[in-house]
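# Structure at a glance
Single-letter residue listing:
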Amino acid sequence: EAGVVQSPRYKIIEKKQPVAFWCNPISGHNTLYWYRQNLGQGPELLIRYENEEAVDDSQLPKDRFSAERLKGVDSTLKIQPAELGDSAVYLCASSPLWGGGNTEAFFGQGTRLTVV
Amino acid sequence: KQEVTQIPAALSVPEGENLVLNCSFTDSAIYNLQWFRQDPGKGLTSLLLIQSSQREQTSGRLNASLDKSSGRSTLYIAASQPGDSATYLCAVNPESGNNRKLIWGLGTSLAVNP
């Protein structure tokens, strides 16, 4: 069974340019998370989806970040325009629906973004 | 507010040693606790998940314990190998409510020397 798939693995862009990341969760997982991780830090949740609904986006910088999960399966995270401080690893994770009691989260390999 | 602390921040051991990584949390009202491994530049790999009603979980050379009342979890690695070198993170899931996001520790960076 395929795990969580993210692309691209690496991205280098100039500041003020837009960038997008893509995530395909594990089949059947209703919950999808986007995290940002800075070097030496734990992951920071940006947004959590239950199916196609964003149920927690309180830490998403909405002035420049946006996300969508139109059909409740794969998701994209966009930054426009990117700033130097956005350089980080962006992680996508998925887990079965919370109500089922199984909340084990599985992560993708991440996208390492460097803004220059 | 739930806070998760991992001690030590870094650990270096010779190959073959048994070792213990510690994770503590301030609010004992948790749904479960999950241990992850992260290799440099890579994503996170789930190692073990312990439900709040469980005391421990085992997978191969790994054993994770949970003492909810004291707010502690330990990850025990038996007969460590150089391939175990990585950062180990623990994360707790809050017990209820809409705040269903994982609360993370900063990790323990482990180096197992041949």
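Before reading on, note that the structure itself is shown above.
As the structure is a prediction and not an experimental result, all values here were calculated from the model. (Residues numbered from 1 in each chain as written. Chains lettered and ligands numbered in written order. Predicted model: local features only at pLDDT ≥ 70, side-chain atom pairs only at ≥ 80, totals over all residues. Heavy atoms only, no water.)

### Points about the overall build of chain B
From N to C terminus, chain B includes zero helices and 11 strands. With respect to the three principal axes, the spread of C-alpha positions in chain B is 45 × 30 × 20 Å. By the burial criterion, 45% of the 114 residues in chain B qualify as buried. Considering only contacts within chain B whose residues lie at least 6 apart along the sequence, 54% involve residues at least 24 apart. Summing over all exposed atoms, chain B offers an accessible surface of approximately 5,300 Å²; the carbon and sulfur share of this is 47%. Within chain B, one finds 9 positive and 9 negative side-chain charges whose respective centroids are separated by 7 Å. (Helix = DSSP H or I, 4+ residues; strand = E, 2+ residues; numbered from the N terminus. Buried < 20%, exposed > 50% of the residue type's maximum accessible area, 1.4 Å probe, protein only. Contact = heavy atoms within 4.5 Å. Areas by Shrake-Rupley, 256 points an atom, 1.4 Å probe, with all protein chains shown as cover. Lys, Arg positive; Asp, Glu negative; His and termini not counted. Charge placed at Lys NZ, Arg CZ, Asp CG, Glu CD.)

### Focus on the environment of T76 of chain A
As for its position among the elements, T76 of chain A is in strand β8 (residues 75–79). Beyond its immediate sequence surroundings of up to four residues, T76 of chain A is in contact with F21, W22, W34, S66, A67 and E68 of chain A.

### Considerations on the packing of aromatic side chains
Following the criterion strictly, the structure yields seven aromatic pairs over all chains and no others. A centroid spacing of 5.9 Å and a plane angle of 85 degrees characterise the contact between Y35 of chain A and W104 of chain B, whose relative ring orientation is edge-to-face. With Y35 of chain A in strand β4 (residues 31–37) and W104 of chain B in strand β10 (residues 103–104), this pair bridges two chains. (Phe/Tyr/Trp six-rings, centres within 6.5 Å; stacked < 30°, edge-to-face > 60°.)

### Focus on the environment of R69 of chain A
Residue and element names in this part refer to chain A. Tracing the backbone through its elements, the reader meets R69 in the loop between β7 (65–68) and β8. For the pair formed by R69 and G85, sequence separation is 16 residues and the distance between their alpha carbons is 25 Å. Excluding its chain neighbours within four sequence positions, the residues that come into contact with R69 are P25, H29, N30, T31, L32, Y49, E50, N51, E52, D74 and S75. There is a polar contact of 2.8 Å between the side chain of R69 and the backbone oxygen of N51. (Polar contact = N/O pair within 3.5 Å; in protein donor to acceptor, adjacent residues only side chain to side chain.)

### Looking at the sheet that holds strand β6 (residues 56–59) of chain B
Residues and elements named next belong to chain B. Across the sheet, which stays open at both edges, the five strands sit in the order β1-β3-β8-β7-β6 with antiparallel pairing between neighbours. Strands at the two margins of the open sheet, each flanked by one partner only, are β1 (4–7) and β6. Taken pair by pair, the neighbouring strands of this sheet meet at an average axis angle of 15 degrees, ignoring direction. Bridge count for strand β7 (residues 62–67) against strand β8 (residues 72–77) is six bridges, and the pairing is antiparallel. Its bridge partner lying in β8, L66 is registered against S73. (Pairing = 2+ DSSP bridges. Axes fitted to C-alpha atoms, helices over the stretch in contact; angles between N-to-C directions.)

### Description of the sheet that holds strand β3 (residues 19–24) of chain A
Residue and element names in this part refer to chain A. Judged by pairing direction, the sheet is antiparallel, and its four strands sit side by side in the order β1-β3-β8-β7 without closing on themselves. What marks the edges here is a single partner per strand, and that holds for β1 (5–7) and β7. On average, each strand axis in the sheet is inclined to that of its neighbour by 15 degrees, with strand direction left out of account.

### Re the interface of chain A and chain B
On the chain B side, the residues contacting the 23 residues of chain A number 23 residues. A buried area of about 1,900 Å², summed over both sides, lies between chain A and chain B, and 50% of it is on carbon and sulfur atoms. Applying the counting criterion to the chain A and chain B interface returns zero salt bridges. At the surface where chain A touches chain B, the tally comes to four residue pairs in polar contact (both at pLDDT 80 or more). Those elements that provide at least two residues to the side of chain A that touches chain B are β4 and β5 (44–50) of chain A. Ranked by residue count, the leading element in the side of chain A that touches chain B is β5 of chain A, at three residues. (Buried area = accessible area lost by both parts, 1.4 Å probe. Salt bridge = Lys/Arg side-chain N within 4 Å of Asp/Glu carboxyl O.)

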